[in-house]
Amino acid sequence: MSSLALFPPPLASGLTTLCESNNELLSGSTTEDRLKQDSSPLSLYFPRESLKLHSRTESSSKAAFLDHSETLWMRSAAAWRDGGFTGLLTEIKNSHTEVPKWLSVSSGCILALLQRFSSFHDSLFPHLTLSCEDMIAEFSQVLNWSDCVVRAFAWHPHTDKFAVALLDDSIKIYNPKSATTPTLKHRLQRSVAAVQWKPLCASALAVACQNCLLVWHVDPCSLSTRPSSGCAQVLSHPGHSPVTSIAWSPSGSLLVSASPMDTAMMVWDVASEICVPLQRVGGGGVTFLSWSPDGSHVLASTPSALFRVWETRMWTCERWPCVKGRCQSGCWSPDGSRLLFSVQGEMVIYALIFTNPSAGVSTSTSSESQAAAVVADLSETTFNTPDGNIIVGGEIQSLAWDPTGERLAVLLKGDSQAAGRPAVIAVFKTRTSPVFELLPCGFVQGEPGAEPRMMQFHPNFGHGALLTVCWSSGRITHVPFYFLSAGIPQFGLSGSPSAPRPQARPADFANQSLFTEHIS
Amino acid sequence: MHVARSGKLSGKEFDSRSSEEIIVTVFLSTNPYKMFSTQQSSWFIRKVICWRAAASIAWAVLLLPPTTAVFVILSRFSLFHPIHTISECFFLLTSASAIFSLILLFGVILMVGFLNLEYYSVIPTIPCSKIALLGHLLHPRQLLSSLAHCIMGVIVGWCCAITIGGRYETLGFSCTQTDGSAQMCLNEYQVILLLAGAFFGFSHSLLGVIHNMNYVAFHTVQQYKYLRFKGSLPLVVKCSATQALYSVRNFIVVYFFVGYIPRAWMCKTLNLELNSSVHQLDSVAGLLDLSLLYHLWISATFLLFTWHITLLLFRIFVTEVYSFPVQSTFTEDAHQCLPKVLTDKQPMIVKFLALQDLALLSQHSPSRRSEVFSLSQPGGHPHNWNAISKECLSLLTDLTQRLVVYHDTVATNGRAKSLSTGSERKTSSESSVTSGTEDLMSPKPTLLMKTPASVFARSVAGHPQSPLTAPFTPDLDSPFASPALRRLTAPVDQCSPWFGSVQSPHVMRRGPKLWSTSTDSQVNGSPPPSPASVTSLKQEPSKPSLLAKFLQNRKEQVKNFLAKRVLIMYLFNKLPEASSQALFADSQSHIWALEGMSYLVQASYSEDQFGVVQTTLPSILGCMLVLQEAVDRHFKLPHASSKPVRSGGSMGDSTYKTLRFALRATLKTAIYRITTTFGAHLNAVQMSAEHRKRLQQFLEYKE
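The name an unreviewed UniProt entry assigns to chain B is Nucleoporin NDC1, from the organism Xyrichtys novacula. Entered under Function (unreviewed entry) in the UniProt record, the comment concerning chain B runs "Component of the nuclear pore complex (NPC), which plays a key role in de novo assembly and insertion of NPC in the nuclear envelope. Required for NPC and nuclear envelope assembly, possibly by forming a link between the nuclear envelope membrane and soluble nucleoporins, thereby anchoring the NPC in the membrane." Recorded under Sequence similarities (unreviewed entry), the UniProt text for chain B is reproduced unchanged: "Belongs to the NDC1 family."

As annotated in an unreviewed UniProt entry, chain A carries the name Aladin isoform X1 and is attributed to Xyrichtys novacula.

It is worth spelling out the overall build of chain B at this point. A tally of regular secondary structure across chain B gives 29 helices and 2 strands. The long-range share in chain B, meaning contacts at least 24 apart out of those at least 6 apart in sequence, stands at 78%.

A few words now on the UniProt feature "transmembrane region" (unreviewed entry) in chain B. Residues and elements named next belong to chain B. As recorded in UniProt, the sites labelled "transmembrane region" (unreviewed entry) are residues 57–77, 89–115, 143–164, 191–210 and 292–314. As annotated, residues 57–77 comprises 95% helix and 0% strand, and the C-alpha atoms at either end are separated by 30 Å. Across residues 143–164, helical content stands at 100% and strand content at 0%; the span's end C-alpha atoms are separated by 31 Å.

To continue, consider the packing of helix α26 (residues 587–607) of chain B against helix α27 (residues 612–635) of chain B. Residues and elements named next belong to chain B. Two numbers describe how α26 lies on α27: the axes approach to 11 Å, and their chain directions differ by 140°. Taken together, α26 and α27 sit at an angle that is classed as oblique. Read as a crossing pair, α26 and α27 show a hand that is left-handed. Of α27, the residues touching α26 (which contributes Leu594, Met597, Ser598, Val601 and Ser604) are Val613, Leu617, Ile620 and Met624. Grouping the amino acids of the contact of α26 with α27 by side-chain chemistry returns 7 nonpolar, 2 polar and no charged.

As a further point, take the pattern of salt bridges. Counted under the stated rule, the structure contains 25 salt bridges over all chains. Between glutamate 20 of chain A and arginine 407 of chain A there is a salt bridge, and its shortest N-O distance comes to 2.7 Å. Here arginine 407 of chain A lies in strand β27 (residues 407–412) and glutamate 20 of chain A lies in strand β1 (residues 15–21), a separation of 387 residues in the sequence. Assessed through its relative accessible area of 1%, glutamate 20 of chain A is described here as buried. Taking the shortest distance from any N to any O, the salt bridge between arginine 369 of chain B and glutamate 607 of chain B comes out at 2.8 Å. Placement of arginine 369 of chain B in helix α15 (residues 366–372) and of glutamate 607 of chain B in helix α26 is noted, with a sequence separation of 238 residues between them. Judged by relative accessible area, arginine 369 of chain B falls into the buried class, the value being 7%.

Ranked by size, the top nonpolar core spans 93 residues in total, and within it Phe324, Ile349, Leu358, Trp385 and Met624 of chain B carry the most contacts. Counting residues per element, this core draws most heavily on α27 of chain B, at 12 residues.

This part is about the state of the cysteines. Simply put, the disulfide is a covalent bond whose two ends are the sulfur atoms of two cysteines. One pass over the full model with this rule turns up 1 disulfide over all chains. Cysteine 175 of chain B shares a disulfide with cysteine 185 of chain B; S-S distance 1.7 Å. On the sign convention where negative means left-handed, the S-S torsion of about 40° between cysteine 175 of chain B and cysteine 185 of chain B marks this disulfide as right-handed. Here cysteine 185 of chain B lies in strand β2 (residues 182–186) and cysteine 175 of chain B lies in strand β1 (residues 172–176), a separation of 10 residues in the sequence. Just so you know, cysteine 19 of chain A is unpaired, no disulfide at all, and the nearest cysteine sulfur is the one on cysteine 441 of chain A, 11 Å from it. In this model cysteine 159 of chain B remains outside any disulfide bridge; the closest cysteine sulfur is found in cysteine 160 of chain B, 6.9 Å from its own.

Residues and elements named next belong to chain A. Spatial strand order, β16-β17-β18-β19: 4 strands in an open sheet with antiparallel pairing. With one partner strand each, in any of the chains shown, β16 (288–291) and β19 (316–321) form the two edges of the open sheet. Across the sheet, the mean angle from the axis of one strand to that of its neighbour is 20°, orientation sign disregarded. By the bridge criterion, 4 bridges tie β16 to strand β17 (residues 297–301) in an arrangement that is antiparallel. Each residue of the ladder has a partner; that of leucine 289, found in β17, is alanine 300.

So, about the environment of leucine 188 of chain A. Residues and elements named next belong to chain A. One can find leucine 188 in the loop between β7 (183–184) and β8 (194–197). A relative accessible area of 22% means that leucine 188 is categorised as partly exposed. Along the chain, leucine 188 and glycine 108 lie 80 residues apart, while their C-alpha atoms are 36 Å from each other. When residues no more than four places from it in sequence are discounted, the contact partners of leucine 188 are Cys209, Cys212 and Val234.

Residues and elements named next belong to chain B. A surface patch of nonpolar side chains, amounting to about 840 Å² of accessible area, comprises Val253, Val254, Phe256, Phe257, Val258, Tyr260, Ile261, Val284 and Leu288. Looking at the nonpolar patch, the elements that each hand over two or more residues are α9 (225–258) and α10 (260–270). For the nonpolar patch, the element with the highest residue contribution is α9, accounting for 5 residues. In this fold, isoleucine 261 is placed in helix α10. Residue classification places isoleucine 261 among the partly exposed positions, given a relative accessible area of 47%.

Moving on to the sheet that holds strand β28 (residues 424–431) of chain A. Taken in spatial order, the 5 strands make up an open sheet running β26-β27-β28-β29-β33 (chain A), and their pairing is antiparallel. Strand pairing shows two members of the sheet lacking a second neighbour, β26 (396–401) and β33 (515–516) of chain A, which therefore form its edges.

Moving on to the side chain of threonine 381 of chain A. Residues and elements named next belong to chain A. Its place among the elements puts threonine 381 in strand β24 (residues 381–385). In this structure threonine 381 comes out as buried when scored by relative accessible area, which is 10%. Engagement of the side chain of threonine 381 in a polar contact is seen with the backbone oxygen of serine 379, the distance being 3.1 Å.

Here we take up the pairing of β24 of chain A. All names here are of chain A. Side-chain alternation along β24 places Thr381, Phe383 and Thr385 on a buried face and Thr382 and Asn384 on a face that remains uncovered. Bridge count for β24 against strand β25 (residues 388–392) is 5 bridges, and the pairing is antiparallel. From the neighbouring strand, threonine 382 faces β25, where its bridge partner is isoleucine 391. Hairpin connection of β24 to β25: 2 residues between the antiparallel strands.

Counting residues at the interface gives 31 residues for chain B, matched by 31 residues for chain A. In total, about 2,800 Å² of surface goes out of reach between chain B and chain A, with carbon and sulfur atoms giving 60% of it. It is Val221, His364 and Tyr701 of chain B in chain B that bury the most area against chain A; as a group they hold 20% of the surface buried on that side. Our count for the chain B to chain A interface comes out at 1 salt bridge. Scanning the region where chain B abuts chain A turns up 4 residue pairs in polar contact (both at pLDDT 80 or more). Within the residue set of the side of chain B that touches chain A, elements represented by two or more residues are α14 (348–364), α26 and α28 (659–678) of chain B. Among the residues forming the side of chain B that touches chain A, the class breakdown is 12 nonpolar, 13 polar and 6 charged.

So, about the packing of α9 of chain B against helix α12 (residues 290–318) of chain B. Running from N to C, α9 of chain B and α12 of chain B cross one another at 145°; their axes reach a closest spacing of 7 Å. Note on packing geometry: the crossing formed by α9 of chain B with α12 of chain B is right-handed.

Before going further, it helps to examine the confidence of the model for chain A. All names here are of chain A. In this model, chain A carries a mean pLDDT of 84, and residues with pLDDT of at least 70 account for 85%. Within the model, pLDDT remains below 50 along residues 358–365, and this stretch shows 8 contacts once partners closer than five positions in the same chain are excluded. Every residue in residues 488–510 scores below 50 in pLDDT, and together they form 38 contacts with partners more than four places removed in sequence or on other chains.

This next bit is on the packing of aromatic side chains. Here the distance between the centres and the angle between the planes together describe a pair of aromatic rings. All names here are of chain A. Going through the model one piece at a time under the given rule, you end up with 40 aromatic pairs over all chains. Summarising the aromatic geometry, the rings of tryptophan 291 and tryptophan 315 are spaced 5.8 Å apart at their centres and angled 90° between planes, so their arrangement reads as edge-to-face. Placement of tryptophan 291 in strand β16 and of tryptophan 315 in the loop between β18 (306–311) and β19 is noted, with a sequence separation of 24 residues between them. Tryptophan 315 carries the same exposure label as tryptophan 291, and that label is buried. Aromatic side chains tryptophan 310 and tryptophan 315 sit 6.4 Å apart centroid to centroid with 55° between the ring planes, which places their arrangement in the tilted category. On the accessibility criterion, tryptophan 310 (2% relative accessible area) is buried. The structure contains a cluster of three or more aromatic residues connected by ring pairs, namely Phe46, Phe153, Trp155, Phe162 and Tyr174.

Residues and elements named next belong to chain B. In this model, chain B carries an average pLDDT of 77, and 75% of its residues clear a pLDDT of 70 or more. Low pLDDT, under 50, characterises residues 1–39; the stretch is placed with 79 contacts to residues that sit more than four places away or in other chains. Complex prediction metrics read pTM 0.81 and ipTM 0.87.

An α-helix turns once every 3.6 residues. As a result, residues three or four positions apart point the same way. For α27 of chain B, with 24 residues, the first-to-last C-alpha span of 35 Å sits near the 34 Å given by 1.5 Å per residue. At proline 618 of chain B, α27 of chain B shows its strongest bend, of approximately 35°.

What counts, and where the lines are drawn
Residues numbered from 1 in each chain as written. Chains lettered and ligands numbered in written order. Predicted model: local features only at pLDDT ≥ 70, side-chain atom pairs only at ≥ 80, totals over all residues. Heavy atoms only, no water. UniProt positions renumbered as here; feature names shortened; annotations may be inferred. Helix = DSSP H or I, 4+ residues; strand = E, 2+ residues; numbered from the N terminus. Contact = heavy atoms within 4.5 Å. Axes fitted to C-alpha atoms, helices over the stretch in contact; angles between N-to-C directions. Parallel < 35°, antiparallel > 145°, perpendicular 65-115°, else oblique. Left-handed = near helix turned anticlockwise from the far one by under 90°. Nonpolar A, V, L, I, M, F, W, Y, C, P; charged D, E, K, R; others polar. Salt bridge = Lys/Arg side-chain N within 4 Å of Asp/Glu carboxyl O. Buried < 20%, exposed > 50% of the residue type's maximum accessible area, 1.4 Å probe, protein only. Core = buried A, V, L, I, M, F, W, Y, C linked by side-chain atoms within 4.5 Å. Disulfide = S-S within 2.5 Å. Pairing = 2+ DSSP bridges. Patch = residues over 30% accessible without salt bridge, like charges linked within 9 Å, V, L, I, M, F, W, Y side chains within 5 Å. Areas by Shrake-Rupley, 256 points an atom, 1.4 Å probe, with all protein chains shown as cover. Polar contact = N/O pair within 3.5 Å; in protein donor to acceptor, adjacent residues only side chain to side chain. Buried area = accessible area lost by both parts, 1.4 Å probe. pLDDT = per-residue confidence, 0-100. Phe/Tyr/Trp six-rings, centres within 6.5 Å; stacked < 30°, edge-to-face > 60°. Expected span 1.5 Å × (residues − 1). Bend = angle between axes of the 7 residues up to and from the residue.

Have a look at this one:
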């Protein structure tokens, strides 16, 4: 059974989702929406043409110079510098007229051996053959990352400011309370895959770049629009690039970073720039990280069909092999007890239940369930709309759960080539106590032709949940979901007993529960 | 702080050419913690630290046979006869000589482990000038350690020579001289291995001082011992191999120039001849022997690897989390409880482990937190919370005072003077006890610093702690060498107020100082007079004695004279940012105190049933805000915010170099943790207007 069949049909062309109010998603036409959007200070639009893209010709500048014959020694030295050991061997092999025959032959043999070995290694982990950019695009949470104008987005966990990483490798910080929008640029800040603000701090912003991690310290009181690169801490570790995912601990003390090229996950003590590599056999890299909001677990997925859940007190991990593909995305419930994740090649959402290790005595086994349960089936469903049939569903690009634990947004990949199969955001209503439940809410759609690329919930929105969506057009919009929360959870603190959730006006489709957990 | 040291090692340890038993008995008999046996804190050393050290040594000993096997295979490996090599190695490993040398190596490992236990420290020793570093290197204690390492190096070198075999196997061999007579000749190949062992041991011990290898750092990321060991193993291999490479290079150079001296001495004492038919090894041709170089390198790697592994295991075992009970049912166990252990100032390792436990329990364990917030059964007093918060706050207040005093010293001088602060860390433990939590603002002259006057003075007095601090560290140039401090150190008026009586040069002169004149003038070294002299000059007019004037003049003359000498300038010039590092040398304890406090306060929002935390909340916030201000001011000084150079490839843990940044970040996070938890409720907390303003900044996320 497809869960999406219970959803209200997608909007007609020309209508965009504005907000949720009284349990209904309200929509408006594009023009009036545009007016409204432009009046809001936080809605942004980055036209692709406005960005100055620098041409990347670092490697191709060689062709501009004339060939110049050097001595064998000079060429060997240059080959060693540029290409390392293999470069040196290739150079020796190529200049067989100048070197003794045995040397060229033996270097050719060693080169062939190395290539055989590396091709064997690559056949084990095919992602290693990808180029840097392709790898980030492959493992990023952003849909079609390489084509995105807005490549990364992050709300500050405590205030109303956010950081936006753009296609031209700059990061802009927007704060509604301040007139200045600092632009962060750094020599090493290339191919930004993710940004995240440090919790319990006003100024620190971690940026996952192609070759390193940058931690910017942007003074919120400063009036400077171009903080110097001296404000950035560079964290790098040999072999740990490109960095595709980062996660701060909710207590703000540690930062973890992951790279598909590196089998170790790095735990950084940012202030003292010390890193502890956490390495386990299997997987061939780490692609995506997510720290549970209560700080007790970290989800780390690998490029192969395996993901790990680390327990953060003693840093031990549980292995969770998947049947089909790698874990593409995951998100934690606000109390850190439930992990929802999606697997590449499957159209379902799985759930795992964890107990908080701090409550119990033992820390060795923290997961209650032996196997993940399917909570939602998002296989393709055809809706009949006035504009024709629209097929919604398919693989999941990313998942986001709002901080109150009442809305779950799912970004579905769709197929940009085929007509009528757009990428959409499906929003579920969720409740975690007393039992876990999923209910349909609706689809979030933008203006025609724009597909959602990434989304994030505002960490502390007062009137429910606020979903920020970055569109392929370069527009950033905010979709509020107005509802009364059953109780804003505060991590590590037991809140007041939760009041019964207000079900003001259940619509006829919304009261059908998609998934209800059975308590045995 | 260095945990108790029992004076000197008995000489018999070193000639214990190693049967295991002797060393074991020495190890037990010279247990350094005997002197604490009467004190209450010693239970921890006896019951925990010693056992942890013993366990680490046992693991190192267990790891030795496989390491040796790998060494044997690598040293004898021949590419063309692999099978032959392996069978040969197997026979060698089971032979009597191999077992004997293995026993010798066991002895060496035991000794290394014992030296680790004896010399380790949880607070790094940071020399602030080259001369202070030289003082560390030439300290008798350090010399003793170097000697021990030399002898152990010779033993390992001999074992290597035996196991490699071939031309290295014996010290003498019969040879025919040019005149045809048969004689016993000296085998230079073994001599070079023995000398190399001594050299590697010596350089290892020297580098240990320079890189602070005896400093045991605590990790922020907790891991199980095995996983931590597994994670650091590749690093140790790499570091040993590179270090061995450098050591071999240095040794070759040394042997090339002065190798003939020990060789001649050996010939003379052992009554052996030099074989004149083969060329000597201290020539270019002799040293360019690739196989010899390879064997030297592999021996050095083996030596360093076994020692580093012992050190690594020791560090891992000692820094393991120890869970102290928060309160105990029986009064006789009360001294083992967290509130009591926290307030003990000696030994430092116990205090550190207790603070680490506090930080972890406040973060992870609700049941233990509830014990902290609980009231005493008869009486209903929050004794646990009071003791813990008081100790943490006094630690933080102490750091604030240190920073304020340092800043004042620097500020009165107008610019960041080159002030050697080699002996600051001693103040931490001592002043932390005396300074209370009350009146956090006013800087009290509680820095009862002992005068670490000179090597001789200290060794006579039997100074119980930190003998490794610079014997030549110019004390007068430390930031505490303000008149106030000198007054405190002077025996007469210890209790005089901060700004008070006239400082006469006689008092200054009375302090037993070996280097005071030269250092005092030299460190500052430039025409503008040093702060000390400025202040003393300022106070002079009230009592312009002729003698004082004469002394002053002489001092200036000597200063000007010495300032022109390049070597002296080099030795006495302060290393950049070293004083900042020294100021924050023990900041790991402050970091834990901040974390523990902030997590407990955060948890108290929902878990504290009796409101015990509420009563201390104003003082906690006040303390943190004052510290925040002091830290901010400190980071505005030159060199304070410059990042240290990353030094890779050394076993020395360089985390102490960045402790001040970690402290700054932790402090901010701690304040934010409290403000985000309590939010607007903090407006009801009583505090001064200035603090409220500062707190408002935090509430608005503008810090």
